[in-house]
Amino acid sequence: MKNLFPSESCKETQLNAFNPQSWLQVERGKLSKFSSQSSSSIESLIKVPEPPILPFFKPVDYVEVLAQIHEELESCPPQERSNLYLLQFQVFRGLGEVKLMRRSLRSAWQRASTVQEKLIFGAWLKYEKQGEELIADLLASCGKCAQEFGPIDIASQLPADSNTSSNEAVVMNGNEILKTVIFRIGDEKIVCDRQKIAGLSAPFHAMLNGCFTESLQEDIDLSENNISPSGMRAIHEFCMTGSLGEVPPDLLLEILIFGNKFCCERLKDACGRKLASLVSSRDDAVELMDYALEENSPVLAASCLQVFLHELPDCLNDNRVLEILSDANRQQRSIMVGPASFSLYCFLSEVAMALDPRSDTTACFLERLVESAESSRQRLLACHQLGCVRLLRKEYDEAEQLFEAALKAGHVYSVAGLVRLGYLKGHKLWSYDKLSSVISSFTPLGWMYQERSLYCEGDKRWEDLEKATELDPTLTYPYMYRAASLMRKQNVQAALAEINQVLGFKLALECLELRFCFYLAVENYEAAFCDVQAILTLSPDYRMFEGRVAASQLRMLVREHVESWTTADCWLQLYDRWSSVDDIGSLSVIYQMLESDAAKGVLYFRQSLLLLRLNCPEAAMRSLQLARQHASNEHERLVYEGWILYDTGHCEEGLRKAEESIGLKRSFEAFFLKAYALADSSQDPSCSSTVVSLLEDALKCPSDRLRKGQALNNLGSVYVDCGKLELAADCYINALKIRHTRAHQGLARVHFLKNDKTAAYLEMTKLIEKARNNASAYEKRSEYCERELTKADLEMVTRLDPLRVYPYRYRAAVLMDSHKEKEAIAELSRAIAFKADLHLLHLRAAFHEHIGDVLGALRDCRAALSVDPNHQEMLELHSRVNSHEP
């Protein structure tokens, strides 16, 4: 989000003044000495931009909001469900929970009550899955269809207009009305059944059967009504058969206009459906959308809209499409999407913000979003998002009004936008006091202290940032500010320790960039080179120094200052870093190796494994797809395809790819994939012997020590599960002999199962000493020691990686055992404040139930079921608690 919503401190005037080549050559000698002459260079080098105001829904108590949504979903009418799931999506978006966001979107799509909602959420899910087209192709190659978000047949899903008029003959002036009518159009006469035509609409019925002159006439002139003879014949055919038959498009448009003029709803509907079936391109959609909106044809409008939505984001470069979507008034929006206008502009503004949050298009879509908001929750989201965009565009008065409207509607986070505007207008003390008031009025959150820190100096700022980290350790700005401050004071080690603390659990690009700058400042070019290569692995197009220079360009400059490695050097470096569980270092080495003539498929595959370990699933999938693209042969390609399918939840298809690969050639990776997928997917205990056999087959095939160590480790785990502890120990020891450091954890488990807790503790200590990233090792070691040492280890885990939830649960359970119920609930609450975790919510719900707080328990149950609607224990607890609700 740093690049999506940059802070106001970005210096646009420096865009053309930054010359990294001359800077690197001229300034590097000064930077290492921290001389007074280079202070401005250091200042610009390690500058930390202010945190952006994020365009997200960030309620003060997201648990309460999720619980409210869940409760409403239980009892609301079907037509309201999609909007509630969209709101749930926005809550998860504010929490950064990507998987939960996508699941909420899917739920909105599944519960759509109108075809327009179905096409909006289907297109949104398709947009979210950009880059995953390969997965659909692979599934198709396995005989499985994955086109669930493809175009839908609008006409078949929108109900046909059933309005009918009476065709009964009436008596006028004592005579039966005429049975036929002749319409003259120019020189031609079209004979029609009078009552069939009268049945088209109320106006025709009044004309032919009412008090008008035409009711007494057999011959009526329609020459001035913009209908051709062939058009009138087609209309008569429709009256007689209920179908338009084979009518050319231009004639259909003529009939549509005529039908709308005379309020012939059935005719107009049939015409719109015919035209909808002809929409096959963007040009068609643009041309026909004008007619659909002008002539009030929802089925045609929806079909045209579907084309636009399925071509996002590309179609936003088409001014014709932009004009249609941006200029649509309330009535036209109703024709296009019925009651789903808010959902539509939520989606469109999301796409536009991703392209350029400052653009006129983004602002225009958000204006339509504000207009479409019906509930207070929709209004606060729309106003806040538009306020963020106005702030970026320096439209400060409009931004202020919008933030005030969002705050008034209940979105407390919008106060961050108001105080930022106050500061820009020179009201720094007012901004500080405003946030102080918010902190004292609500349960304090990390962002409140982070924002207030911008409006004070010295110790006060430092204290606020410490408090921000305590309340929400996922915020990166406090770490970056403290690290930069320490660096300015020439306290290099403390600065690096501070930035390393956040990088230990959150691989944020802006933090890697800052550390890169630190290393440049002290002329540690090897470390700087490592970090910039890691950055490029995560984001190949990343731009540094507030977007002024490409990271790839800086890499080329720094490269001149580091020693070149041979292929052999690279492999040695990779073994060292992999063995010391230095994942960022390993990423850097692999990035460098990819420049050589080495087999790229294997390297991209290794890269994907590291990225998964670093919790970067999107980058990992990109690397896996590159591995497939660069596979040196068919059997290798099949393995990578198998992993792609497995990692996206298609285990059976992944297994099939592994078997195909083995059929072509017995290889380590094919056997390993098959064993891994089988062990994960099968519930049958007897499959353990098959997994053992597959891993043994893998170990017989050629491979390097890195992968063989992993196979031995996995084999050891299977033996442990089967109770074969001696065989497991042999596997782990052999893995350690080839420097698979993580095998210490497996060996510790064997010691523990042999009732040798001390040996298990010592084994985990060895892993802690060797591993660069060792929070998980401390957590595992805590299981093998007495309570005081356990508490110490788990405190260390929380310091190293505050996102790991087990330590909070353990401490809370200990407090609960000691009858310190309030403290136990508080321990869970401090983690829940920044992490929507099912297990934390489940345990807190159980604690609330235990102390008789039924409403608190019910709230946590509902929020937890928003995170995982199918969790059986949670469903049971919810049912039990719900039965006790007053």
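Position numbers for residues start from 1 in each chain and track the written sequence from start to end. It should be noted that, the model being predicted, local features are given only for residues of pLDDT at least 70 and side-chain atom pairs only at 80 or more, the latter also being counted only at that level, while totals for whole chains, interfaces and linings use all residues. As a convention, hydrogens and water are excluded, and side-chain values are obtained from all of the structure's heavy atoms.

Regarding the sheet that holds strand β5 (residues 219-221)
Thinking step 1. Two strands pair under a simple rule: DSSP has to find at least two bridges between them. Secondary structure is summarised from DSSP: a helix means a run of H or I of at least four residues, a strand means a run of E of at least two, and numbering begins at the N terminus for each. The strand order β4-β3-β5 describes an open sheet built from three strands, whose pairing is mixed. Of all strands in the sheet, those with a lone pairing partner are β4 (188-193) and β5, marking the two edges. Looking at each pair of strands side by side, their axes are set apart by 30° on average, direction ignored.
Thinking step 2. Across three bridges, the pairing between strand β3 (residues 180-185) and β5 is parallel. The partner of Phe183 across the bridge, within β5, is Ile220.
Thinking step 3. Here, residues are in contact when the closest pair of their heavy atoms is within 4.5 Å. Helix axes use the C-alpha atoms of the stretch in contact, all axes being lines fitted to C-alpha atoms, and the angles between their N-to-C directions lie in the range 0 to 180 degrees. Packed onto the sheet, helix α11 (residues 229-241) meets β3 and β4 and runs at close to 10° relative to β4.

Side note on the confidence of the model for the protein
Thinking step 1. pLDDT is a residue-level measure of predictor confidence that goes from 0 to 100. Of all residues in the protein, 92% attain a pLDDT of 70 or more, and the chain-wide mean is 90.
Thinking step 2. For residues 8-37, every residue scores under 50 in pLDDT, and the model assigns this stretch 55 contacts once sequence neighbours within four places are set aside.
Thinking step 3. pLDDT under 50 marks residues 164-175. Its contacts with residues more than four places away, or in other chains, come to 20 contacts.

Quick notes on the nonpolar core
Thinking step 1. In this structure, Trp447, Ile499, Phe516, Phe518 and Met544 are the most contacted members of the largest nonpolar core, which totals 144 residues.
Thinking step 2. The contacts of Trp447, once residues within four sequence positions are left out, are Val412, Tyr413, Val415, Ala416, Leu435 and Leu475.
Thinking step 3. Within the second largest apolar cluster, 142 residues are counted, among which are Ile197, Ala285, Leu348 and Val351. For this analysis, a nonpolar core means a set of buried residues of the types Ala, Val, Leu, Ile, Met, Phe, Trp, Tyr and Cys, connected via side-chain atoms within 4.5 Å. Here's how the labels work: a residue is buried when its accessible area is under 20% of the maximum for its type, exposed when over 50%, partly exposed in between, all with a 1.4 Å probe on protein chains only.

Considering the packing of helix α47 (residues 838-850) against helix α49 (residues 872-882)
Thinking step 1. Between α47 and α49, the shortest axis-to-axis distance is 11 Å and the interhelical angle comes to 30°. The orientation of α47 relative to α49 falls into the category roughly parallel. The interaxial crossing formed by α47 with α49 has left-handed handedness. Residue-level inspection shows Leu838, His842, Ala845, Ala846 and Glu849 of α47 in contact with α49, the latter providing Glu873, Met874, Leu877, Arg880 and Val881.
Thinking step 2. Throughout, the ten residues Ala, Val, Leu, Ile, Met, Phe, Trp, Tyr, Cys and Pro are labelled nonpolar, Asp, Glu, Lys and Arg are labelled charged, and all others, Gly among them, are labelled polar. Each residue belonging to the contact of α47 with α49 can be placed in one class, and the counts come to six nonpolar, one polar and three charged. Comment on the angle field: the value is read as roughly parallel under 35 degrees, roughly antiparallel over 145, roughly perpendicular from 65 to 115, and oblique elsewhere. Each helix crossing is assigned a hand: it is left-handed if the near helix lies turned anticlockwise from the far helix by less than a right angle, otherwise right-handed if that turn is clockwise.

Details of the pairing of β3
Thinking step 1. Where β3 lies against β4, six bridges are found, and the strand directions are antiparallel. In the sheet register, Ile182 faces β4, and the bridge partner there is Val191.
Thinking step 2. Between β3 and β4, which follow one another and run antiparallel, lie two residues, and Gly186 among them has a positive phi close to 65°.

Considering unusual backbone geometry
Thinking step 1. Following Leu312, the chain continues to Pro313 via a peptide bond in cis, the omega torsion being 5°.
Thinking step 2. On the secondary structure map, Pro313 appears in the loop between α15 (298-310) and α16 (319-327).
Thinking step 3. Positive phi values are uncommon outside glycine, yet Val581 reaches one of about 50°.
Thinking step 4. Within the secondary structure, Val581 is located in the loop between α31 (567-579) and α32 (583-593).

Examining the environment of Asp837
Thinking step 1. On the secondary structure map, Asp837 appears in the loop between α46 (821-832) and α47.
Thinking step 2. Residue classification places Asp837 among the buried residues on the basis of a relative accessible area of 12%.
Thinking step 3. A C-alpha to C-alpha distance of 7.9 Å links Asp837 and Val805, two positions 32 residues apart in sequence.
Thinking step 4. Among the polar contacts listed, one links the side chain of Asp837 to the backbone nitrogen of His839, at a separation of 3.0 Å.
Thinking step 5. Throughout this description, a polar contact denotes any pair of N or O atoms lying within 3.5 Å of each other; where both atoms belong to protein, one of them has to be capable of donating a hydrogen while the other can accept it, and for residues adjacent in sequence the pair is counted only when both atoms sit in side chains. A distance of 3.0 Å separates a polar atom in the side chain of Asp837 from the backbone nitrogen of Leu840.

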